[in-house]
Amino acid sequence: MVQRREPTARQMRLGIELRRLREAAGLNAVEAARLLGLNRVQISQIESGATGVSEQRLRRLASHYACTDEEFVNALVAMATDRTRGWWEQYRGQLPTPFLDLAEVEHHAAFLHDVAILYVPGRLQTEDYARAVFSSRLPELTQDELELRVAHRLTRQQVVIPHEVVIHEAALRIRVSNRAASRAQLARLVELSEADHITLRVVPFDLDGFAKASSTMTYVGGPLPRLDTVVRDAPHGSVFIDSESQLNTYRTSFRRVEAVSLDPAQSRDFIHKLAKEL
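Rules used in this analysis
- Residues numbered from 1 in each chain as written.
- Predicted model: local features only at pLDDT ≥ 70, side-chain atom pairs only at ≥ 80, totals over all residues.
- Heavy atoms only, no water.
- Helix = DSSP H or I, 4+ residues; strand = E, 2+ residues; numbered from the N terminus.
- Contact = heavy atoms within 4.5 Å.
- Areas by Shrake-Rupley, 256 points an atom, 1.4 Å probe, with all protein chains shown as cover.
- Lys, Arg positive; Asp, Glu negative; His and termini not counted.
- Charge placed at Lys NZ, Arg CZ, Asp CG, Glu CD.
- Salt bridge = Lys/Arg side-chain N within 4 Å of Asp/Glu carboxyl O.
- Axes fitted to C-alpha atoms, helices over the stretch in contact; angles between N-to-C directions.
- Left-handed = near helix turned anticlockwise from the far one by under 90°.
- Nonpolar A, V, L, I, M, F, W, Y, C, P; charged D, E, K, R; others polar.
- Buried < 20%, exposed > 50% of the residue type's maximum accessible area, 1.4 Å probe, protein only.
- Expected span 1.5 Å × (residues − 1).
- Polar contact = N/O pair within 3.5 Å; in protein donor to acceptor, adjacent residues only side chain to side chain.
- Parallel < 35°, antiparallel > 145°, perpendicular 65-115°, else oblique.
- Arc of directions from axis to C-beta.
- Patch = residues over 30% accessible without salt bridge, like charges linked within 9 Å, V, L, I, M, F, W, Y side chains within 5 Å.
- Core = buried A, V, L, I, M, F, W, Y, C linked by side-chain atoms within 4.5 Å.
- Phe/Tyr/Trp six-rings, centres within 6.5 Å; stacked < 30°, edge-to-face > 60°.

> Would you explain the overall build of the chain in this entry?
From N to C terminus, the chain includes 12 helices and 6 strands. With the C-alpha coordinates of the chain rotated into their principal frame, the extents come out at 70 × 40 × 30 Å. Look at the contacts in the chain between residues 6 or more apart in sequence, and 73% of them connect residues 24 or more apart. Summed over all atoms, the accessible surface of the chain reaches about 14,200 Å², with 49% contributed by carbon and sulfur. Put simply, the chain has 36 plus and 36 minus side-chain charges, and the middle of one group is 3 Å from the middle of the other.

> Where do I start with the pattern of salt bridges in this structure?
Where charged atoms from two side chains of opposite charge come close, those side chains can pair. Scanning the entire structure with this criterion turns up 21 salt bridges. The residue Asp-82 makes a salt bridge to Arg-10 at a minimum N-O spacing of 3.7 Å. Taken together, the positions of Asp-82 in the loop between helix H5 (70–81) and helix H6 (97–107) and Arg-10 in helix H1 (residues 9–24) put the pair 72 residues apart, joining distant regions of the chain. With its nearest N and O atoms 2.6 Å apart, the salt bridge here joins Glu-89 to Arg-92.

> Could you clarify how one ought to interpret the packing of H1 against H5 in this entry?
Describing two packed helices takes the angle between their axes plus the distance from one axis to the other. Viewed as axis vectors pointing N to C, H1 and H5 meet at an angle of 145°, and their least axial separation amounts to 9 Å. As H1 packs across H5, the resulting crossing turns out to be left-handed. Counting all contacts with H1, which are made through Arg-10, Arg-13, Leu-14, Glu-17, Leu-18 and Leu-21, the residues of H5 involved are Phe-72, Leu-76, Ala-78, Met-79 and Ala-80. When the residues that make up the contact of H1 with H5 are grouped by side-chain class, the tally is 8 nonpolar, no polar and 3 charged.

> Teacher, can you tell me more about the side chain of Arg-251 here?
Within the secondary structure layout, Arg-251 lies in helix H11 (residues 244–259). When its relative accessible area of 16% is taken as the criterion, Arg-251 is described as buried. When residues no more than four places from it in sequence are discounted, the contact partners of Arg-251 are Tyr-219, Pro-225, Arg-226, Asp-228 and Glu-244.

> Which parts of the structure should I look at to understand helix H10 (residues 179–192)?
Owing to its 3.6 residues per turn, the α-helix brings residues three or four apart onto one side. Between its terminal C-alpha atoms H10 stretches 20 Å, which fits the 20 Å expected from 14 residues at 1.5 Å a residue. The elements touched by buried residues of H10 are helix H7 (127–135), strand S2 (163–168), helix H9 (169–173), strand S3 (198–203) and helix H12 (264–277). Among the residues of H10, the N-terminal cap falls to Asn-178, whose side-chain oxygen and the backbone nitrogen of Ala-180 are separated by 3.2 Å.

> Mind showing me how you'd approach the packing of H1 against helix H3 (residues 40–48) here?
Remark: H1 packs on H3, axes separated minimally by 6 Å, with the N-to-C direction vectors making an angle of 125°. One finds that H1 runs oblique with respect to H3. Contacts between H1 and H3 pair Met-12, Gly-15, Ile-16, Leu-18, Arg-19 and Arg-22 from the former with Ile-46, Glu-47 and Ser-48 from the latter. Looking at the contact of H1 with H3, its residues break down into 4 nonpolar, 2 polar and 3 charged.

> Just checking my understanding: could you explain helix H4 (residues 55–64) for this structure?
Those residues of H4 lying buried are Leu-58, Leu-61 and Ala-62. Seen from one end, H4 has its buried residues packed into an arc of 100°, which puts them on one side. Along H4, exposed side chains directed more than 90 degrees from the buried face belong to Gln-56 and Ser-63. Buried positions along H4 lie against H1, helix H2 (29–36) and H5. Where H4 ends, the next residue or the one after it, Ala-66, has phi of about 60°, a positive value.

> Sorry if this is basic, but what is going on with a nonpolar patch on the surface here?
A cluster of nonpolar side chains, Leu-118, Tyr-119 and Ile-174, forms an exposed patch at the surface whose accessible area comes to about 270 Å². For Tyr-119, the location among the structural elements is in the loop between strand S1 (111–116) and H7.

> Just checking my understanding: could you explain the nonpolar core for this structure?
Grouped burial of nonpolar side chains is what soluble globular proteins tend to show. Among the nonpolar cores identified, the biggest contains 25 residues, and Leu-14, Leu-18, Ile-43, Val-53, Leu-58, Phe-72 and Leu-76 are the most heavily contacted of them. Contributions of two or more residues to this core are made by H1, H2, H3, H4 and H5. With 7 residues, H5 is the largest single contributor of residues to this core. Counting 21 residues, the second-largest nonpolar core is a separate cluster that includes Val-120, Ile-167, Leu-189 and Ile-198.

> How do you make sense of the packing of aromatic side chains when you look at a structure like this?
Two aromatic rings are characterised by how far apart their centres lie and by the angle between their planes. Counted according to the given criterion, the structure contains 4 aromatic pairs. Geometrically, the ring pair formed by Trp-87 and Tyr-91 is edge-to-face, given 6.2 Å between the ring centres and 90° between the ring planes. Within the aromatic cluster, the residues linked to one another by ring pairs are Trp-87, Trp-88 and Tyr-91.

> How do you make sense of the environment of Met-12 when you look at a structure like this?
Take Met-12: it is sitting in helix H1. For the pair formed by Met-12 and Glu-47, sequence separation is 35 residues and the distance between their alpha carbons is 7.3 Å. Discounting residues that sit within four places of it in the chain, Met-12 has contacts with Pro-7, Glu-47, Ser-48 and Gly-49.

> Even after reading the chapter, I still don't get the side chain of Arg-22, so can you show me in this structure?
Positionally, Arg-22 belongs in helix H1. In contact with Arg-22, not counting residues within four places along its chain, are Leu-27, Asn-28, Ala-29, Ala-32, Glu-47 and Tyr-65.

Limitation: the analysis is restricted to geometry and does not speak to function.
Take a look at the structure:
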């Protein structure tokens, strides 16, 4: 069992799910280790994502933990045996780990739901808009760091995923750069709103009811609902949320935001109108 220097978010999620199964079975790490002929440290390393676990051992653990959800176990096996070396690996050691984790999570996503309040979601940003967003970060980035972040963001956009986006009018009106960049960004949103895999909705200032659901988030659909993930931006980087109670909260939040937004056709017209005003 080779120990990893830096487990990815996906590897850590696998470990978290195995720990949850163990705890639900009422076993401690020592008891679980004994079932596989391992020691407590090795079980802890598996559950932290620091070491991998073979399909055979994973299925034995699931059996010992009395997990009868075959679809869920198969999904965990897929996570454990995945050897994908994605495009994001070229940035390892050059960008903070959350950038790589986000790209990996998106790569395996069944769908994405975004709620944006102040900024256009990264996957919909133009190059100029993305550069302006990263240029505003504190502490300031070097030119090389800035270009790496922009290149990473633009490459993320090439991965086609069913994507539902709700954007508040504030994010459409805030000029992160200049008038020309804002106009180009709005034109890009109109273009993307016609893509088959994107559903874009807008919440204007004058619509009622938005305060009940005003939470920026990216909701990432997993192979099963219990393997969904919510990504939130924080001062120190992205935060990945995966507890079932929190996932339910964010599912409800997205439905509420969606309910008070304009439909896709009205949203497209609204964005086009804003662009003409610039």
